[in-house]
Amino acid sequence: MKERIVILGAGESGTGAALLARQLGYEVFVSDAALVKPSYRDDLLRNKIEFEEGHHTEAKILNAHCIIKSPGISETTPVVMKAKEKGIEVIDEIEFAFRFIKGRVVAITGTNGKTTTTLLTYHLFKSAGCDVALAGNVGESLARKVAHGNHAWYVVEISSFQLDGTKLFRPDIGILLNITPDHLDRYNYEMQNYINSKFRLAANMTPADAFIYYADDAVLKAEMMKRSVTGRILRISFTDNHAPLYFDGEWFHVNLEGHSFSLKQSDTTLRGNHNAVNTLAAMGAALTAGIKPEAIRVALKTFKNAPHRLEHVATINGVEFINDSKATNVDSVVYALGSYRQPLVWIAGGIDKGNDYNLIKDEVQRKVKALICLGKDNSKLKKFFTGVVPVIRETQSVQELVRMAMKEAVAGDVVLLSPACASFDLFKNYEDRGNQFKQAVLDLKKEMEHLSV
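Please read all numbers here as calculations on a predicted model, not as lab measurements.

**Student:** Can you lay out the overall build of the protein chain for me, pointing to particular residues and giving the numbers?
**Tutor:** A tally of helices and strands in the protein chain yields 17 helices and 20 strands. The C-alpha radius of gyration of the protein chain comes to 23 Å, within 12% of the 22 Å expected for a compact globule of 453 residues. By its C-alpha atoms, the protein chain is 75 × 55 × 45 Å across when sized along the principal axes. The proportion of buried residues among the 453 residues of the protein chain is 55%. Long-range pairs, those at least 24 residues apart, make up 65% of the contacts in the protein chain with a sequence separation of at least 6.

**Student:** Which residues make up helix α11 (residues 273–288), and what values go with them?
**Tutor:** Along its 16 residues, α11 runs 23 Å from first to last C-alpha, staying within 8% of the 22 Å computed at 1.5 Å per residue. Judged by how many residues are buried, α11 sits mostly within the fold: 15 of 16 residues are covered. Gly290 occupies a position one or two residues after α11 and carries a positive phi of about 100 degrees.

**Student:** How would you summarise the pairing of strand β11 (residues 232–237) if you had to cite specific residues and measurements?
**Tutor:** For strand β10 (residues 210–214) and β11, the ladder comprises 5 bridges, and the chain directions are parallel. In the strand pairing of β11, Tyr213 is matched with Arg235. What joins β10 to β11 is helix α10 (residues 218–226), and the crossover it makes is right-handed. Strand direction decides the pairing type here: β11 and strand β12 (residues 245–247), joined by 2 bridges, are parallel.

What counts and what doesn't
- Residues numbered from 1 in each chain as written.
- Predicted model: local features only at pLDDT ≥ 70, side-chain atom pairs only at ≥ 80, totals over all residues.
- Heavy atoms only, no water.
- Helix = DSSP H or I, 4+ residues; strand = E, 2+ residues; numbered from the N terminus.
- Rg over C-alpha atoms; globule rule 2.2 N^0.38 Å.
- Buried < 20%, exposed > 50% of the residue type's maximum accessible area, 1.4 Å probe, protein only.
- Contact = heavy atoms within 4.5 Å.
- Expected span 1.5 Å × (residues − 1).
- Pairing = 2+ DSSP bridges.
- Right-handed = clockwise from strand over helix to strand, strands pointing away.

This is the structure:
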């Protein structure tokens, strides 16, 4: 009799796990409490995988040999708790895929910067001619990639939720960028629980593996003093010039794998101190994997970051418009503000997630000449920054927003959409917010070019 695998959740993670499990010969059943998106429904139907949607049928779930749950499903979900009471193994899709992987893994986690670092690491490997796949929270699920064929390397963005469901998972190169408070509702509002989740990245490492981390991060610094991480520890630092991955504010200095070289940040496509951490992490992973410095130098000049992350949209009459719609918390805005020396017209607002704006007050006071609030309820933003920012305006219209911003800016200024808030009051998601902003900017640019003819 075939072993039965039940998958909870039919998103990218769950559908990828179902495809891999079916390919491996398991009896597969997928259950989603919500409706399944058409593209994933097609995947399941095409591969003759049984599924249900809109509810969980416990009789069809609790007879599993193993349950693979999507990372968004909490451990406290009743059907998950019942499965554990019955002694059924419950794991995450990342763990399941890892058990059948034949290549080597670079895994990247952290509260902020994961996606940029993952994409950059993949770009360095790909540009150097490596047989590499991109997977995890960016692109396709790891399970789907493994189902489609073997690769020498897998570069994987991995969240704390995904790490929670791992047991044997062990990256050959693990990158931990930073830890700041996030998702604490999932961790009983205990910061240490969230920290422990992130450090699962290194739980199974061997001396042959490499652990790259940002040593100046206050949480990581404190944790590393009390933890024993097995594996080669490679520090990123802005303060210790003896660190193998060091940034002096202008130059990257790398001393790793028998290579010692320096590279100016301005010779790369990413700006700001937060991206210096991301860049050094990716460089460290590439060197550890055997990629030569010259190949890294060349690839760093051609990297394009993902949309909605400090994305240049257009320059209109000398004013640069930047889309950082992905910045849905204050920590992300810290990075955005730190990336520019020019005067800023800052666009913020949406659904506040308990933000502490004191974290950015001084930087805003130094750099922001005008704040434009975009959201249904801007009272908290306006109240906090009154007296901090000279000009505060508000709107719920993206078209009006870019015109307001243009009116407040002069040549040499930057208009920065970096909201610090969720988007669901006015938009479908942060991508929708960013796309509407980009379109409004491009429409304004076309209009102004037409007027100048």
